[in-house]
Every structure is written in C-alpha cells, then in structure tokens.
Amino acid sequence: MSEIIPVISATGLYTPPDSISNAELVESFNAYVARFNADHAGEIAAGTVSELAPSSAEFIEKASGIKARHVISKAPILDPEIMAPRWAERPNEEISVLAEIGVAAAKDALAKAGRDAGDVDAVLCACSNMQRAYPAMAIEIQAALGIDGFGFDMNVACSSATFGIQTAADYVRAGHARSVLVVSPEICSGHLNWRDRDSHFIFGDVATAVLVEAKDFAPTKHWEILGTKLKTVFSNNIRNNFGFLNRATPETVGSADKLFVQEGRKVFKEVVPMVATMIVEESEKLGLDPKALRRLWLHQANQGMNRLISQRVLGHEANEDESPTVLDTYGNTSSAGSIIAFNLHSADLAPGDTGVICSFGAGYSAGTVFVRKAA
C-alpha cells in the first residue's frame, strides 16, 4: 500500500462582531477600581485591605502588545457591576453557544475546500474550555453540520489546536479517516477575571477550524504536513481550578483561582527557550533549516514572547512578514491564535515555501506543525 500523506486543505475563522478597545476596557476597569477603593476606604487605611491600582491603555499595550479583543458579550463585560459575559441559558434542544461559533468556523473551512458534510469523517473539538462535560461538544458540532462519522473533545489548553491537527493527521495516515475537521471554539471571556489588573486585558473570543485530509483526496491548493511534534511539561504557572469538584468545597467557589491565573514572568522565562529549542530541533530532524523557514505562525499570547522565539529560531529579529501578529486586534485567543495567524497570513506564500504553526501554553504544553505549500 502507498503511504497516505496528510495535508491541510483549508482553514476557517469566525470572529465575533463586537470588539473592546484598550481604552474602553481601562475606562470600565478604572471605574471598578475607584468604586472598590471608595467602598473599602476604612479597611485600606487600616491596612486590612489592599488598595487597587488603576490601569492604562499604555500599560496594557506595553505588557502584551494587545490593543483590542473580540468578545461575544461586550456590554456586560464593560459594566463595572458585572464585568463578565452574560447571555440567556439555552434549552437543550437549541445549539449551544460554543458549538454555534465552532460550526460557523467549520462552515468557512468547508466552503474554502469545496467540501460538504458528506465528505468529512470526523470532528475533533480542540479548545481550552468546554461549555460542559458531556455530551461532547464535537458531537454536537458534528450533528449540526450533518456529518456521518465520529467526534470527540480534547483539551490541552492553548496547544489544543496543534495537538488536534496531529491527532487528525494520525487518523488520516492510519487510514481511519479521509477528512477530519479540527474545530477550536474559544470563549475565553468566560474564564477571565475581568477585575484583575494583571490579566483582565489578555483574552478574546473566536473560533477556528482546520480541515485535515489525505493528499490524494484534498484539493490542489493545500499545505502538506511535513511533520508534527508535541511536548508537555507539568507546571502550575498557568492554572484554572474551575471544575465539577468545586461543589465539594462550596466555600471557595468564588475564589480567584477558579478563573485564569498565571505567573507571567515565570511563564515567559521557562516557555520561550522550550518552544524555540523544540522548533529548531524538530526542523533539523525533518531536514529543514530553521533559519530558512518562510513563516512562523506562532501562538498569539504575548508580543515579547513571539519576538524572542522567532529570533532564536531564525537567528535574527523577525519582521511582520516572517512572524505575523494578530494578537493586537484579537488578543490571546488560546488554541485559536496560531490558526488565526495561519488563516489570515498564508495565502501569499509561494508553492514550496515551508513554515511552522506553533502553539504553547498551560500544562506546559507545546505543539508544532511543519507545513509546505503545495499550490
């Protein structure tokens, strides 16, 4: 039997229509800070409560490179009394919010590849935060699209999409599927503490989809998957303790650690060398010169991290063409970030050009997908 080669046939993107600028976010946050400090003036003076510090758009952009982020529920997030997304709970008979945006991204990918539901064998829902434990979000997306096959959920935090691509490629390579959708709906606004000065600006909402198929089935215009590499190293420096066992200790349900928390400086120091080394070593194993990679589609978490990783891989400070940025307008969208970058900044490459899609985050986890443009 001839070898089955997995390729990326198309990618899809759903972007919520509403966006929050840094200026809007800061206005809301500082209103909350002023109210908190006024309400707790006595305790602050007595030293029993810490005074909250205001933020600024300049601080946010300098710390992260983020200027804005798209969200599904804008007004409640900016309301100092709420500062969280809000929408009516949907009945079980209606499609869930996470599945709905995942379907939108999937339809975009299918349309670009000229596919319909009958062509697809499997759906993987790979993202950071599932709306529920079961039934699997992937199966709901599969049903909404009308796909006859199988689906399952997988979560490796910000690396979920690249882990999903390798899983899909393995199914194709083994002959278990000819066409697999990897869908990454990320409603990050739901797990973000919008009252925390050090992190309230980080995340946004979005959904992406990647169609992985056998080369002999794929459209002429595709990206050959040259190789993939996954890595995990346990760390508490990025953590979210929300889960169904929280009900066993109801007194801590509202604690800050039930939302996203991180030790940003430690993450920067430890993840940058791990990811850069991983890209370089895997490039060389594949017979590629890392310095000759045409483009790096990196995880969109922090501009400084991407700048340093690109420099270590390419041997020089990368320009926007070599390592495109989308976090300035999307924010950190967890597993979707590197896929957004690939979706928006890959059409201009020439046949034969090589690049790497790379994600990294909580776990720690990191995933690389090396690709070559076929046509």
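Residues numbered from 1 in each chain as written. Predicted model: local features only at pLDDT ≥ 70, side-chain atom pairs only at ≥ 80, totals over all residues. Heavy atoms only, no water.

### Focus on the pairing of strand β5 (residues 150–154)
Move 1: In this sheet, β5 lies alongside strand β4 (residues 122–126) in parallel orientation, the contact comprising five bridges. Following the sheet pairing, L124 is matched in β5 by F152. (Pairing = 2+ DSSP bridges. Helix = DSSP H or I, 4+ residues; strand = E, 2+ residues; numbered from the N terminus.)

### Quick word on the nonpolar core
Move 1: Counting 45 residues, the largest nonpolar core has V275, I279, L293, I309, V313 and F360 as its most contacted members.
Move 2: Put simply, the parts of the chain that give this core at least two residues each are α1 (22–39), α4 (74–78), α8 (264–285), β11 (295–298), α9 (303–314), β12 (354–361) and β13 (365–373).
Move 3: In terms of residues, this core owes the most to one element, α8, which gives nine residues.
Move 4: The residues contacting V313, other than those within four sequence positions of it, are A276, I279, V280, P290, K291, L293 and L296. (Core = buried A, V, L, I, M, F, W, Y, C linked by side-chain atoms within 4.5 Å. Buried < 20%, exposed > 50% of the residue type's maximum accessible area, 1.4 Å probe, protein only. Contact = heavy atoms within 4.5 Å.)

### Observations regarding the packing of α8 against α9
Move 1: Where α8 contacts α9, the two axes come as close as 9 Å, and the packing angle between them is 35°. In terms of crossing hand, the pair formed by α8 and α9 is right-handed. Across the interface between the two elements, V267, F268, V271, V272, P273, V275, A276, I279 and V280 of α8 pack against G304, M305, L308, I309, R312 and V313 of α9.
Move 2: Of the residues belonging to the contact of α8 with α9, the class tally is 13 nonpolar, one polar and one charged. (Axes fitted to C-alpha atoms, helices over the stretch in contact; angles between N-to-C directions. Left-handed = near helix turned anticlockwise from the far one by under 90°. Nonpolar A, V, L, I, M, F, W, Y, C, P; charged D, E, K, R; others polar.)

### Focus: unusual backbone geometry
Move 1: A cis amide bond links Y134 to the next residue, P135, at an omega of 0°.
Move 2: Within the element layout of this structure, P135 appears in the loop between β4 and α6 (137–145).
Move 3: Omega for the bond connecting G363 with Y364 falls within 30 degrees of zero, at -10°, which places this linkage in the cis form.
Move 4: Structurally, the position occupied by Y364 is in the loop between β12 and β13.
Move 5: The phi torsion at M83 lies on the positive side, around 50°, for a residue other than glycine.
Move 6: Structurally, M83 is set in the loop between α4 and α5 (97–113).
Move 7: For M83, a relative accessible area of 5% puts it in the buried group.

Everything listed here is a matter of coordinates, which is why it stays silent on function.
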